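Commentary on secondary and tertiary structure
Letter by letter, the chains look like this.
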Amino acid sequence: MNLVALPILVSLTAAAITLIAPARLGRPLLIVGSAGQLLAGLVLWLTVHRDGIAVLHLGGWAAPLGISLVADLLAATLVVLTGLVGTAVALQAVRLLAEEEV
């Protein structure tokens, strides 16, 4: 599997699981999903740093006809930063929601 799509797949999978999970699991799944996206971003960043630019042609079509996902060091860094911000926001949201219930 090409790691370029991993952060996208982790986020979509976490969102789908959160939709079908019971309400009591919503907060833990929020944290696990955002931390999973951060971890996937870190794996992508390490891979791009070690091996260079990664390209994934979706559907097997070349660039003019299909969609190509490209991860260079800047893109991978932005994915990691998005994961950091998302995880921080998720932790803060869970903390604030817990304070409101008390």
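All of these numbers come straight from a predicted model, not from anything done at the bench.

**Some words on the nonpolar core**
If you look at the biggest cluster of nonpolar residues, it comprises 8 residues: V4, A5, L44, V48, A54, L56, A71 and A76. Taken together, the elements giving at least two residues each to this core come down to α2 (26-51) and β1 (54-58). With residues near it in sequence (within four places) discarded, V48 still touches A71, D72, L73 and A76.

**Things to note about α2**
The terminal C-alpha atoms of α2 lie 37 Å apart, and with 26 residues this matches the ideal 38 Å at 1.5 Å per residue to within 8%. Residues of α2 that are buried include every one of G33, S34, Q37, L38, A40, G41, L44, T47 and V48, and no others. Phi turns positive, to about 95°, at G52, one or two residues after α2.

Definitions and cut-offs
Residues numbered from 1 in each chain as written. Predicted model: local features only at pLDDT ≥ 70, side-chain atom pairs only at ≥ 80, totals over all residues. Heavy atoms only, no water. Core = buried A, V, L, I, M, F, W, Y, C linked by side-chain atoms within 4.5 Å. Buried < 20%, exposed > 50% of the residue type's maximum accessible area, 1.4 Å probe, protein only. Helix = DSSP H or I, 4+ residues; strand = E, 2+ residues; numbered from the N terminus. Contact = heavy atoms within 4.5 Å. Expected span 1.5 Å × (residues − 1).

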